[in-house]
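# Fold and geometry: a report
Below, each chain spelled out in residue letters.
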Amino acid sequence: MRVDYKTTIIMLILLSVVMVSGCTNVNYKTFDKAGLSLQYPGNWTEISSPATDQKLANQSGFNIIGVFIDGKSIDNYSFIMEIGVCNITNSSLTAAADNLNNNYIIKEANQAPFVNRTSLKNGYDAIVYTYNATGVSSRLTVFASTYVFTKDNKTAYYIIFATPSNNTAESQKVIQNIVDSITIK
């Protein structure tokens, strides 16, 4: 059987379309609250804020505005994302992040967190904490990344990402996709 050049090109184009569409056809949901918008995996479900987490967030000056899990419950998940917001008009991003670290993160961290100052994709200033922890509400041993960020140094947001499956390339890809989708209004 002889295949001509045009047929080969058409077959390669069709194959690449099928492969690309299969890789990018991910169902995402939109979180849009308190001036923050982001995309997260569509198979995650929102749960009520655990009381212990809310208490620690409040002590840090933050209010939890969303908790999402990939799994059945706070005691059985493969990924959790918790989002909080606070007013920082009388301080700075650094002060807000330090307050979150001193009143929340260190209550869960099993070691001193690694701290990195960066800018997110949309140019927002951010402080990132990475650490192994024991979830205060779930009691699961997790690898956590907490992003504390602002657009205007008036409102700070945090997102805690945690997974009991440790720090894998797959979990980092999920985190990066979510973080890259962040828009502050």
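Now for a description of the structure that goes with this document. Bear in mind that the values here come from a model prediction, so they are computed numbers and not experimental data.

Our focus in this paragraph is the packing of aromatic side chains. Inspection of every chain in the model, using the stated rule, returns 8 aromatic pairs. Both rings, one in Phe62 and one in Tyr158, keep their centres 5.1 Å apart while their planes meet at 70 degrees; by these two values the pair is edge-to-face. Of this pair, Phe62 sits in the loop between helix H2 (51-59) and strand E4 (63-73) while Tyr158 sits in strand E9 (residues 155-163); the two residues are 96 residues apart in sequence, bridging distant segments of the chain. For Tyr158, a relative accessible area of 0% gives the class buried. Judged by centre distance (5.8 Å) and plane angle (25 degrees), the rings of Phe149 and Tyr157 are stacked.

Here the focus is the sheet that holds strand E2 (residues 36-41). As summarised here, the arrangement of the 3 strands in space is E1-E2-E10, forming an open sheet in which the pairing is antiparallel. The sheet is open, and its two borders are formed by strand E1 (28-33) and strand E10 (183-184), each paired with just one other strand. Taken together, the 6 bridges between E1 and E2 define a ladder with antiparallel strand orientation. Opposite Lys33, over in E2, you have Leu36 as the bridge partner. Running at roughly 150 degrees to E2, helix H4 (residues 169-180) makes contact with E1 and E2 of the sheet.

Right, let's talk about the environment of Ile175 for a bit. As for its placement among the helices and strands, Ile175 is situated in helix H4. Spatially, the C-alpha atom of Ile175 lies 9.2 Å from that of Met81, the residues being 94 residues apart in sequence. Beyond its immediate chain neighbours, meaning those up to four positions away, Ile175 contacts Phe79, Ser145, Tyr147 and Phe161.

In this section: the packing of H2 against helix H3 (residues 93-108). Closest axis-to-axis distance for the H2/H3 pair is 8 Å, and the angle between their directions is 155 degrees. Here H3 runs roughly antiparallel to H2, going by the angle between their axes. In this structure, the crossing between H2 and H3 has a hand that is right-handed. Across from Asp53, Leu56, Ala57 and Gln59 in H2, the residues of H3 making contact are Asn99, Asn103, Tyr104 and Lys107. Of the residues contributing to the contact of H2 with H3, the split by class is 3 nonpolar, 3 polar and 2 charged.

Below, the discussion takes up the nonpolar core. By size, the foremost hydrophobic cluster in this structure holds 29 residues, and its most contacted members are Phe62, Tyr131, Val148 and Tyr158. Elements that contribute at least two residues to this core include exactly H2, E4, strand E5 (76-87), H3, strand E7 (125-134), strand E8 (141-150) and E9. Per-element accounting of this core gives the leading share, 6 residues, to H3. The contacts of Phe62, once residues within four sequence positions are left out, are Gln54, Ala57, Gly84, Val85, Cys86, Ala96, Leu100, Val148, Ala156, Tyr157 and Tyr158. Counting 26 residues, the second largest nonpolar core, distinct from the first, contains Leu38, Leu120, Phe149 and Ile178.

A word on the pattern of salt bridges. Following the criterion strictly, the structure yields 1 salt bridge and no others. Here Asp32 makes a salt bridge to Lys185, at a shortest N to O gap of 2.5 Å. Separated by 153 residues along the polypeptide, Asp32 in strand E1 and Lys185 in the segment after E10 bring together distant segments of the chain.

Moving on to the pairing of E7. As paired strands, strand E6 (residues 114-119) and E7 are joined by 6 bridges and run antiparallel to one another. Directly across from Arg117, in E7, lies its bridge partner Ile127. Counting the residues between successive antiparallel strands, the hairpin from E6 to E7 contains 5 residues, one of them, Gly123, with a positive phi of roughly 85 degrees. Sheet topology note: the E7/E8 ladder contains 10 bridges and is antiparallel. Residue pairing in the sheet places Ala133 in a bridge with Val142 of E8. In this structure, the hairpin formed by E7 and E8 is closed by a connection of 6 residues, where Arg139 is found at a positive phi of approximately 65 degrees.

The rules behind the values
Residues numbered from 1 in each chain as written. Predicted model: local features only at pLDDT ≥ 70, side-chain atom pairs only at ≥ 80, totals over all residues. Heavy atoms only, no water. Phe/Tyr/Trp six-rings, centres within 6.5 Å; stacked < 30°, edge-to-face > 60°. Helix = DSSP H or I, 4+ residues; strand = E, 2+ residues; numbered from the N terminus. Buried < 20%, exposed > 50% of the residue type's maximum accessible area, 1.4 Å probe, protein only. Pairing = 2+ DSSP bridges. Contact = heavy atoms within 4.5 Å. Axes fitted to C-alpha atoms, helices over the stretch in contact; angles between N-to-C directions. Parallel < 35°, antiparallel > 145°, perpendicular 65-115°, else oblique. Left-handed = near helix turned anticlockwise from the far one by under 90°. Nonpolar A, V, L, I, M, F, W, Y, C, P; charged D, E, K, R; others polar. Core = buried A, V, L, I, M, F, W, Y, C linked by side-chain atoms within 4.5 Å. Salt bridge = Lys/Arg side-chain N within 4 Å of Asp/Glu carboxyl O.

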